[in-house]
Each structure stands twice: as C-alpha cells, then as structure tokens.
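Chain and residue survey
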Amino acid sequence: RENFIHLCNPHLEKMKEDILYHFALGTGTHDFPALFGDVKFVCVGGSPSRMKAFIAYIAEELGLGSPGCDYPNICAGTDRYAMYKVGPVLSVSHGMGIPSISIMLHELIKLLYHAKCSNVTIIRIGTSGGIGLEPGSVVITRQSVDATFKPQFEQVILGKTVIRSTNLDEQLAKELMQCSKEISQFNTVIGNTMCTLDFYEGQGRLDGAICLYNEEEKLQYLKEAYDSGVRNIEMESSVFAAMCNLSGVKAAVVCVTLLNRLEGDQISSSHDVLVEYQQRPQKLVGYFIKKSLGKV
C-alpha cells in the first residue's frame, strides 16, 4: 500500500512555484520527481560533516558507490543545510535546536511531497546526554517529552499556544531494537527522550555562564526525569516527532549518549572515542536500511 506524504497546508496548492529557500531548491528550477522520487529513507542529523560521512558509509554498505567517491552537496547554493543522496537514501543536516530543525523539516517534507515520494521513513541520528546509562549507549526514542516530562510539543502560532503530540512510530522502534540485537555491538535501549530549548540551564548543567541552582537540585531533577522514563536529553526530537506525525511519515530518533549526566556535565571522552560513539547510530540505521532492502 502506497503511503504518500500529507501536507497540512491548503495554501500550497495555489502557488505556481514553491521555493525551498534554505535548501536553494525550487519546483520552478528543479525536477523534484526526477531528483528525489525514489527516496525511501531520509536520515537527518545536526552536523553537515556527519551527514556527509553517513552517505559515504551507507553507499558502501549498499554497494552503490566506489570507494573514495565524493558525494556532492545538493544544497551547495546555501550554507544553511547540507544534503546528500545515494540510491533511495537522503542524508540531510539540520543544525542545532528546535528552530533550526523545524525550518529544515518544513522544506524537507515539502520536497518529499513535490517529488511524489511514498512509504518514506525519516530517522534522526544524533548525539545526546544520557541519564543512568553508560556513555556510548544508544537510545531509540519511545516518546519525546518536554522539560516537564510531558509528551508534547508546544508552539505559539498567531499568538495562541498550540500543543502537538510527540509519539513516535512504535513498530519502527521495535524493528530498530531488533536490528541492534542482531548486530550486537553496543548497548541499546528504548526510552523517552527529553527535548530542551537549551544546552546549559535547560538541561540542568552546572557549567554554563549562568547557573542559579545547586548540584543537589540538579540531581533531583535528573532523577525525576529518569523515574519518568527519560533516558537521554537532546534538543530536536519534539518538533521532529510532531511534524512527522502531522505529515503521516514513519519516524524514529536514534541517539548515542556521550556521557551519563548523573555523573557530570562536561563531555570529557577523547576525540577518537567520541568519533566511535557517533558512528553507532549510523551503524544501527545503516543495518536497518540494508535489512529493509533485503541486503542483509
């Protein structure tokens, strides 16, 4: 059964041309179905260099590119986001925080719609702070929750507060968990992910430029988060889940933890260790894509 992208915007039908400004793409200048019509998997992450590394990795895993092949940035006309493609896989950077990923997702969802893509799975791969987990553990998100542990994304639109659901696809999370068991290379859990508006005070750190609470208060808050089911903290998952839900797209969030926040605030692992950690979500999602395409 074909599952097409659903756009919650009747105004787009009246537009002669849709300019995806932050991608430097437009329906009047680019043939979206020809460029992107075969896309089935979209992987998004904060860093442009990480998403370029991912497309090279997945190309090798799927046998779709020669070693050392350079993949051009489809969004080379802008420095806001980077986009790479190989076969049915699109890899896109989203920057840091809810505003940045929100802008990217509006244009990405429209891109997939204009390209007439169907049965698309979107997965955010990234890094996070863990709670009660060993560094290097991978968390597959069940629900994204806000800083008060509620599974919702709150946004002010036309002066009114709008609340949207942040549930993610339960079956997709189970499939990813099964893939982790099959590759059996690192600890993986399914848990809630807390999405915050800030890296420092919003996540209860003691090492920012401003901090008006003590360590005891911080630990109490993080333990309350853990008791509510939260296993990691990042800054994009809530709007990601909300927008994918509204667009009828299967979505998942897969993040590695760089530290256990119950034991400290600063990321002190060596560069080489952090690079290996960051490859773990790529390996898991890469295996999932290979399995989905019958290449395992």
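Residues numbered from 1 in each chain as written. Predicted model: local features only at pLDDT ≥ 70, side-chain atom pairs only at ≥ 80, totals over all residues. Heavy atoms only, no water.

1. Regarding the pairing of strand 3 (residues 41-45)
Here strand 3 lies mainly inside the structure; five of its five residues are buried. Of the two faces of strand 3, the one lined by Phe41, Cys43 and Gly45 and the one lined by Val42 and Val44 are each fully buried. Summarising the sheet, strand 3 and strand 5 (residues 89-93) pair through five bridges and their orientation is parallel. Bridged to Phe41 within strand 5 is Val89. Of the pairings in the sheet, the one linking strand 3 to strand 6 (residues 121-130) comprises four bridges and is parallel in character. By the bridge assignment for strand 6, Phe41 is matched with Thr121. (Buried < 20%, exposed > 50% of the residue type's maximum accessible area, 1.4 Å probe, protein only. Helix = DSSP H or I, 4+ residues; strand = E, 2+ residues; numbered from the N terminus. Pairing = 2+ DSSP bridges.)

2. Comments concerning the UniProt feature "binding site: phosphate" (unreviewed entry) in the protein chain
According to UniProt, the positions carrying the feature "binding site: phosphate" (unreviewed entry) are Arg80, Arg124, Ile125, Gly126 and Thr127. For Arg124, the location among the structural elements is in strand 6. The contact partners of Arg124, leaving out residues within four places of it in the chain, are Val44, Gly46, His94, Ile101, Glu234, Glu236, Phe240, Ala252, Val253, Val254 and Cys255. Following the sequence through the fold, Ile125 ends up in strand 6. Among all residues touching Ile125, those that are not within four sequence positions of it are Cys43, Val44, Gly45, Met51, Phe54, Val254, Pro281, Gln282 and Val285. (UniProt positions renumbered as here; feature names shortened; annotations may be inferred. Contact = heavy atoms within 4.5 Å.)

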